[in-house]
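Okay, here's what each chain looks like letter by letter:
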Amino acid sequence: MPAPAVPALPMPVRKGRTVSIWVFGALGFALLALIAYFALFLGTGASAVGLVLAFVPLGIVLFGVHLMDRWEPEPKSMVVFALAWGGVAAVGIALLADLLLTLAVGQRSAFSSAVIQAPIVEETAKGLGVLLAFIIGRRAFDGPVDGVVYGALVGAGFAFTENIQYFGISMINGGAGDLTLTFVLRGLLSPFAHAMFTALTGLAIGLAARRGAGVSGAISTGAMGLLGAMALHAFWNGSSLLGDFVVLYLTTQIPLFIGFIFAIVALRKAESRLTQRRLADYAQAGWFTNEEVVMLATPAGRRAGMRWAAGLRGDRRRLMRTFIKDATALAAVRQRAITGHDAYAAADEQALLLRTRATRAQLLAY
C-alpha cells in the first residue's frame, strides 16, 4: 500500500513571498485596457487566432523555466505576478511610449524603432517588473538563478502579448501564409528571445540579492544588467534587419542561445554547490547525514534518490520530491540568515526542519 501522506506541518512564513491582491487588481484594470486595444485595432477574430498561437512559445519557455527551477519553485503568486507584469504592464508601457513618441516626433524608421526604441523602452519596462518582484517577494528572491527565473517569466509574459499582436497583424495583412511564417520565426525559432534579454537584468538583481543587498543595491547592480539586456536586444533585432536572416540566425542568434544555456547550467551548478554547503551545516548539527546532503543537493544525488523512492512500497517519489524541495528551501533560508536580511529566517528554519524530519520518517516507514 502507498506510504501515508505527510501530516499537516508548519509552513514557511508567507510574508515577503506573496503579492497583494491590490497589485493584481491594478494589473486586472490594465488588462481590460489591453483587451480593448486588441479588439479595436486587430478585431476579435485576429486577436483570438493570435492568442491561441501565442500559447505555443509561452509553453516552451515555461517548460524551460520549470526545468531550471523545479527543485526550489518560486511562490505561485510571484510567478503569476511576473508573467502578468510582462504580459500586461510592460506591454502597456511600451505601447504608451510608442504613442507618445509618434505624437512628439512622428513615425520612426524600422531601424530606429527596432534597434533603439524597442530595446530601451521594452527592457526598461520589463526590468522594472523584475525589480518589483525583488521588492515584493524579497524572501523568495535568493540569488542569480531566481533572478534569471523572474527575468525569464517577465520576458515570457511580454513575448506572449507581443506575439498576439504580431500574429494577428500577419493574418490581417498577409493571410495564412504570412501568419505561418511569423509563427515559425517568432514562435518556434526564437521563443526564448525576450526571456533571454530580461534574464540578464534578473541575473544582475539576483547577484545583488545573493550578497544581501537592499533596494538601492539591487537598482545599481540591476542597471548594469539592464544595459546588457538592452545591448543584446538591440543586437538581436539588428541582426534580423541588417542581413540575411537565415545566415545571421545560424551564425549569431543560435550561438547566443547556446551560450545562454551554458550560463544557466553554470549557475545551476553554483547553486547546487551552495545548497550542499548550507545543508552540510545542518549535517554537522545532526539533522542530515552526509549521504543525504549529497542526495538532496546534487543533480546526480536527486536522480538516485528518486530512483530509490520509486522502488519503495507504494512508489514514494512524491515524498522524495517533497523532501528535496523542503531541504533546498532550508538551504536558501540558511543562506538568507547568514546574510542577515531575513527577519523570519528562524521561523522558516524551524518549520522546514520539522517538515524534512517528518518526510524522512514517511519515506522510511514500513
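See the structure printed just above.
Here the structure is a predicted model, which means the values were calculated and not measured.

Each value, and the rule that gives it
Residues numbered from 1 in each chain as written. Predicted model: local features only at pLDDT ≥ 70, side-chain atom pairs only at ≥ 80, totals over all residues. Heavy atoms only, no water. Helix = DSSP H or I, 4+ residues; strand = E, 2+ residues; numbered from the N terminus. Contact = heavy atoms within 4.5 Å. Expected span 1.5 Å × (residues − 1). Buried < 20%, exposed > 50% of the residue type's maximum accessible area, 1.4 Å probe, protein only. Arc of directions from axis to C-beta. Polar contact = N/O pair within 3.5 Å; in protein donor to acceptor, adjacent residues only side chain to side chain. Core = buried A, V, L, I, M, F, W, Y, C linked by side-chain atoms within 4.5 Å.

Asker: Lay out the environment of methionine 171 in plain terms, naming residues and giving numbers.
Answerer: With respect to the secondary-structure elements, methionine 171 resides in helix α5 (residues 144-188). Sequence spacing of methionine 171 and leucine 42 is 129 residues, and the spatial spacing of their C-alpha atoms is 9.7 Å. Dropping the residues within four chain positions of it, methionine 171 is found in contact with Gly45, Ala46, Val49 and Leu179.

Asker: Please set out helix α10 (residues 299-310) residue by residue, giving values where relevant.
Answerer: End to end, α10 covers 17 Å across 12 residues, agreeing with the expected 16 Å (1.5 Å per residue, within 8%). Residues of α10 that are buried: Gly301, Arg302, Gly305, Met306 and Ala309. An end-on view of α10 places all buried positions within 135° of arc, on one side of the element. Facing away from the buried surface of α10 by more than 90 degrees, the exposed residues are Arg303 and Arg307. Elements in contact with the buried residues of α10: α8 (245-284), α9 (290-297), α11 (317-339) and α12 (345-364).

Asker: Give me the side chain of arginine 355: which residues, what numbers.
Answerer: When you line up the elements, arginine 355 lands in helix α12. Look at arginine 355 and you get buried, because its relative accessible area is 13%. One polar contact links arginine 355 to aspartate 326, side chain to side chain, over a distance of 3.0 Å.

Asker: An account of the nonpolar core is requested, with residue identities and associated values reported.
Answerer: Buried together is how nonpolar side chains tend to be arranged in soluble globular proteins. Within the largest apolar cluster, 55 residues are counted, with the highest numbers of intra-cluster contacts made by Trp85, Phe141, Tyr150 and Ile205. Broken down by secondary-structure element, the contributors of at least two residues to this core are α1 (21-41), α2 (43-69), α3 (76-105), α4 (110-136), α5, α6 (193-210), α7 (215-241) and α8. Take this core: its biggest share by element is 14 residues, from α5. Look past the residues within four positions of tyrosine 150 in its chain and what remains in contact with it is Glu74, Pro75, Met78, Ala82, Val130, Ala133, Ala140 and Phe141. Among the nonpolar cores identified, the runner-up in size contains 24 residues, and Phe288, Phe323, Ala345 and Leu353 belong to it.

Asker: Can you lay out the environment of alanine 346 for me, pointing to particular residues and giving the numbers?
Answerer: Note on placement: alanine 346 falls in helix α12. The class of alanine 346 is exposed, set by a relative accessible area of 56%. For the pair alanine 346 and arginine 334, spaced 12 residues apart in sequence, the C-alpha separation works out to 8.9 Å.

These results come straight from atomic positions and should not be treated as a statement about function.
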